[in-house]
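Structural description and commentary
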Amino acid sequence: MSAPGRNPRSGGNVRNYQRNMLSRFAADYARRRAQDNSKPAEVIASPPISVELTELYARDNAKSHHTDLFELVVDTPPTPVLRRGQAFFFAVRFNRPFDIHQDLVRFIFDFGPNPTITKGTRNLVQLCDKRELTLDKSKWDARLHHQDSNTITAEIQISSTCPVGIWHCRIQTTTAGQARSEIKDFNVEDDIYILFNPWCKEDGVYIESDAERQEYVLNDTGKVWKGSYRQPKGRRWIFGQFDDVVLPATMYLLEQSDVPHANRGNPVQIARAISAVVNSVDEDGLLIGKWDGDYRDGTAPQAWTGTVAIMEQYLRDGGEPVKYGQCWVFSGAVVTVCRALGIPCRSVTNYVSAHDTNCSLTVDKYFTKEGELMEGGPDGECWDSCWNYHVWNDVWMSRPDLPPGYGGWQIIDATPQEASGDLFRCGPASVEAVLRGEVGFLHDTPFVFAEVNADICHFQENPESDWGFSRLSLNQYHVGRKIVTKSVGKDDDEGDGDMEDVTALYKNPEGSFAERLAVLNAVKGVPTAQKLYEIKKRETEDVSFDLIEIDHVMFGQPFSVTVHLHNKASRPHQVTAVLSAYSVFYTGVKVHGLKRGQAEFTLHPNQKETVRITVKPEEYVDKLVDHSLVKIYAIASVKDTKQTWSEEDDFQLIKPKLSVEVKGSPKVGQACQANFSFQNPLNNALSNCSFSVEGPGLQRPKVIHYRDVMPNEMVTFSEYFTPKMAGKRKIMASFTSNQLTEVIGSTSVHVAE
């Protein structure tokens, strides 16, 4: 028992216990602080996993990406060709077994000369162990799909908005959780082509119909239409977008454009760039245009059978523009480039296409008091014209830069006609905007609207007018007579059963309320046009004139220029009529006069009369130029009333058809024979003769020089080729000579394995 009055917890043992406890606490505190203040022990990181080999499964991925037809994919070694907005598989072999928890793997995709993350030209995706890729198609993503010891297969999603072109990949590896771990880089040597994806809803070029994707993206042959609106004539064209030369040439052309690499995911900007780089006016583009008929230092436009030979020459000559092209050649090349990139595209022909040079939305022609045409107009600056036909392209895409409803088909035109933004290019202009006359929408809508819907205004000198001229006539029906393209899923080697009339997409019926409303709507936005439409028209005259249209004339046959007249007045009139025929380029430019006739006579009350001139073959054969086009003019005047009238029309002389026949049953790797034949329709010999032959998967573009052809001779020519690809194929040939050009033919060939 302790002594009374003492604290039992103050004894020696307790004090010793407390002192020992405090001493331990102090020692522990000192030790911990010493550890805190001392330099930590260095942790030596284990070396990161390193890449030994990669495999991009180019051929397997191509099947799901709809790129398996590209020869770059089929070649050895295969080149990856992929579409954005879609996943692909990528195998990587490491130097040791891969551990998803320890090894960190990043895929870095670079595009262009100065790739950056902020501009979307560099994308870094880390390999993750998850069940599914992100549902957001606008993002890049990667996941571990399969592992077999040292080898993994990654599934990588490409952003649906990324730039299109040639990408490169770098694989970066390090060790997870070790801040000072070494980082290793492995450069994947393969060029990776990434294209637009019309199968992906999130891509701006998405097109819903599978039949339209087959036609406007995957079909490597087609037609461009020439001739006249009464006799449209489809010309086979080999687009050849899957040929091994096309994608490299296309990528080089885009490098010549003014589109920054960061903006090459925008189909609107890419389409506008294509319309500029396919012609060579402003940069080292693909083709030089020429319309004067002298092609001795190059290839005549009508001698081309497709785009592949043009692109081969372009690359072979180090990017030098190829000689020569005209509108249908430019259009065929645009189809090739667009379909290669994955942009749905078609060739479109507008018959009687206006070329408005002064932004008036009209084709203006000026006449002197005597009725003579004033070249260049009163100020020498109005060179408006009507082309017999003009060929451009439609591309399919959304238009987020326009109000809703203006997406879908957009017009682009690579034929250099007028500058747009300091470059010779045109579009994309919304077809819907053209239909409605909404000329304020980008790009170049006023110019395209005039091409399909301009009114033709005739003016004559009039000293009593404040302006010095009075309006003679306003023709609302002549321009944009017919607009055609190839039908989806149809193909006619013998005729034009595969033609589709799409006029109603671009303009309402001529003279209808909707059509006049579109014109007036367009005029509101163009001050120059407003002034012309405000000019009053001369009173109606009492003698009617009618130039008879010429429908069908075979090459080597005569034709007539005919005008019907009718005096509807109760008194006689003295009438003078002049009829003439010229050979012309398809741009409407006159070349040679073929024949001219003049008649003066009295037209009695209510009398009807006919005036006519006939042109014989010997009067035109040696004077024809490209396409064998003829323009006819009729000008008449009534002496006592001062009434004047003029009209014009054009037509193409119809060439013989080149028959194409393939012998036997073609098989891959086995030589077979094709026979080509036609009859010379002339009583003249044909000189400087050649055949151009081409067929994707059958025969690369080839020119064969041929002997002179005798008058009326039946020509038969044979060519041997060895098919490289199975399935339905096309072979096309074109005959050219000094006297007769564009004798063309094609046929379908089924090639067995």
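Residues numbered from 1 in each chain as written. Predicted model: local features only at pLDDT ≥ 70, side-chain atom pairs only at ≥ 80, totals over all residues. Heavy atoms only, no water.

1. Here we look at the overall build of the protein chain
Within the protein chain, the secondary structure is distributed over 14 helices and 38 strands. By the burial criterion, 54% of the 753 residues in the protein chain qualify as buried. Within the protein chain, counting contacts between residues at least 6 apart in sequence, those at least 24 apart form 68% of the total. With an accessible surface of roughly 33,400 Å², the protein chain has 49% of that area assigned to carbon and sulfur atoms. (Helix = DSSP H or I, 4+ residues; strand = E, 2+ residues; numbered from the N terminus. Buried < 20%, exposed > 50% of the residue type's maximum accessible area, 1.4 Å probe, protein only. Contact = heavy atoms within 4.5 Å. Areas by Shrake-Rupley, 256 points an atom, 1.4 Å probe, with all protein chains shown as cover.)

2. Observations regarding the sheet that holds strand 36 (residues 714-721)
Strand pairing in a sheet takes place through backbone hydrogen bonds and is either antiparallel or parallel in direction. Read from one edge to the other, the open sheet built from three strands follows the order 32-33-36, with strand pairing classed as antiparallel. The open sheet has two edge strands with one neighbour each: strand 32 (659-662) and strand 36. Neighbour-to-neighbour, the strand axes of this sheet turn through a mean angle of 20°, independent of strand direction. (Pairing = 2+ DSSP bridges. Axes fitted to C-alpha atoms, helices over the stretch in contact; angles between N-to-C directions.)

3. Observations concerning the pairing of strand 23 (residues 482-486)
Among the five residues that make up strand 23, four are buried, leaving the element largely enclosed by the rest of the structure. Pairing geometry for strand 23 and strand 24 (residues 499-501), over three bridges, is antiparallel. Paired with Val484 across the strands is Asp501, a residue of strand 24.

4. Some points on the packing of helix 5 (residues 246-255) against helix 7 (residues 308-316)
One can describe the packing of helix 5 onto helix 7 by two numbers: an axis separation of 10 Å at closest approach and a directional angle of 60°. When the axis of helix 5 is compared with that of helix 7, the two are oblique. Helix 7 is crossed by helix 5, and the crossing has left-handed handedness. Residues Val246, Pro248, Ala249, Thr250, Tyr252 and Leu253 of helix 5 lie in contact with helix 7, whose contacting residues are Val308, Met311, Tyr314 and Leu315. In terms of residue class, the contact of helix 5 with helix 7 is built from nine nonpolar, one polar and no charged. (Parallel < 35°, antiparallel > 145°, perpendicular 65-115°, else oblique. Left-handed = near helix turned anticlockwise from the far one by under 90°. Nonpolar A, V, L, I, M, F, W, Y, C, P; charged D, E, K, R; others polar.)

5. Comments concerning the sheet that holds strand 34 (residues 689-695)
Taken together, four strands build an open sheet; the order of strands is 35-34-37-38 and the sheet is antiparallel. A single partner strand is all that each edge strand has here, and the edge strands are strand 35 (699-706) and strand 38 (743-751). Shown here is a sheet whose adjacent strand axes are inclined to one another by a mean of 15°, direction ignored. This element, helix 7, spans strand 34 and strand 35 of the sheet and lies at about 90° to strand 35.

6. Some remarks on the packing of aromatic side chains
Under the counting rule described, the total for this entry stands at 31 aromatic pairs. Plain terms: the ring middles of Tyr406 and Phe441 are 4.8 Å apart, the flat faces sit at 75° to each other, and that makes the pair edge-to-face. In this pair, Tyr406 sits in the loop between strand 16 (385-397) and strand 17 (408-412) while Phe441 sits in the loop between helix 9 (431-436) and helix 10 (445-453), placing the two residues 35 residues apart along the sequence. On the basis of relative accessibility, which here comes to 5%, the residue Tyr406 falls in the buried class. Residue Phe441 is classed as partly exposed on the basis of its relative accessible area, which comes to 22%. Both rings, one in Phe691 and one in Tyr706, keep their centres 5.3 Å apart while their planes meet at 90°; by these two values the pair is edge-to-face. (Phe/Tyr/Trp six-rings, centres within 6.5 Å; stacked < 30°, edge-to-face > 60°.)

7. As for the side chain of Gln86
With respect to the helices, strands and loops of the structure, Gln86 is situated in the loop between strand 2 (81-83) and strand 3 (87-94). Here Gln86 falls in the buried class, since its relative accessible area comes to 17%. Within the structure, the side chain of Gln86 is placed 3.1 Å from the side chain of Asn197, a separation counted as a polar contact. The contact partners of Gln86, leaving out residues within four places of it in the chain, are Ser64, His65, Ile156, Gln157, Ile158 and Asn197. (Polar contact = N/O pair within 3.5 Å; in protein donor to acceptor, adjacent residues only side chain to side chain.)

8. Some words on the nonpolar core
Ranked by internal contacts, the top residues of the largest apolar core, which has 95 residues, are Leu247, Ile274, Trp328 and Ile343. Examining the composition of this core, we find that 11 residues originate from one element, helix 8 (residues 327-341), more than from any other. The contacts of Trp328, once residues within four sequence positions are left out, are Val224, Lys226, Arg235, Trp237, Pro301, Gln302, Tyr389, Val391, Tyr586 and His627. (Core = buried A, V, L, I, M, F, W, Y, C linked by side-chain atoms within 4.5 Å.)

9. Topic: the pattern of salt bridges
Going through the model one piece at a time under the given rule, you end up with 37 salt bridges. Residues Arg700 and Asp243 are paired through a salt bridge, measuring 3.0 Å at the closest nitrogen-oxygen approach. With Arg700 in strand 35 and Asp243 in the loop between strand 11 (232-238) and helix 5, the pair connects residues that are 457 residues apart, well separated along the chain. Overall, the relative accessible area of 29% leaves Arg700 in the partly exposed class. Arg571 is the salt-bridge partner of Asp640, the closest N and O atoms lying 3.1 Å from each other. Here Asp640 is found in the loop between strand 30 (629-638) and strand 31 (644-652), whereas its partner Arg571 is found in the loop between strand 26 (559-567) and strand 27 (573-584), with 69 residues between them in sequence. (Salt bridge = Lys/Arg side-chain N within 4 Å of Asp/Glu carboxyl O.)

10. Description of helix 4 (residues 210-218)
Taken together, the buried positions of helix 4 are occupied by Arg213, Glu215, Tyr216, Val217 and Leu218. Tucked into the core, helix 4 has its buried residues touching strand 2, helix 8, strand 14 (345-355), strand 17 and strand 23. Sitting at the head of helix 4, Ser209 places a side-chain oxygen 3.3 Å from the backbone nitrogen of Ala211.

11. Side note on unusual backbone geometry
For the peptide bond that leads from Lys323 to Tyr324, omega is 5°, which places it in the cis range. At the junction of Gly427 and Pro428, the peptide bond is cis and its omega measures out at 5° in the coordinates. Relative to the assigned elements, Pro428 resides in the loop between strand 19 (423-424) and strand 20 (429-430). The backbone of His627 shows a phi angle near 70°, a positive value even though the residue is not glycine. By relative accessible area, which is 0% here, His627 ends up buried.

12. With respect to the side chain of Ser353
One can find Ser353 in strand 14. Among the residues examined, Ser353 registers a relative accessible area of 1% and is labelled buried. Among the polar contacts listed, one links the side chain of Ser353 to the side chain of Asn350, at a separation of 3.1 Å. In contact with Ser353, not counting residues within four places along its chain, are Ser385, Cys386, Trp387, Tyr389, His390, Trp392 and Glu451.

13. Here we look at the confidence of the model for the protein chain
The predicted model of the protein chain averages 88 in pLDDT, with 89% of residues at 70 or higher. Low pLDDT (under 50) marks residues 1-10, which in the prediction has three contacts with non-local residues, meaning those over four places away or in another chain. (pLDDT = per-residue confidence, 0-100.)

14. Points about the environment of Ile194
Tracing the backbone through its elements, the reader meets Ile194 in strand 9 (residues 184-195). Here Ile194 falls in the buried class, since its relative accessible area comes to 2%. Apart from residues lying up to four places away in sequence, Ile194 is in contact with Leu82, Arg84, Trp140, Ile158, Cys162, Pro163, Val164, Gly165 and Trp167.

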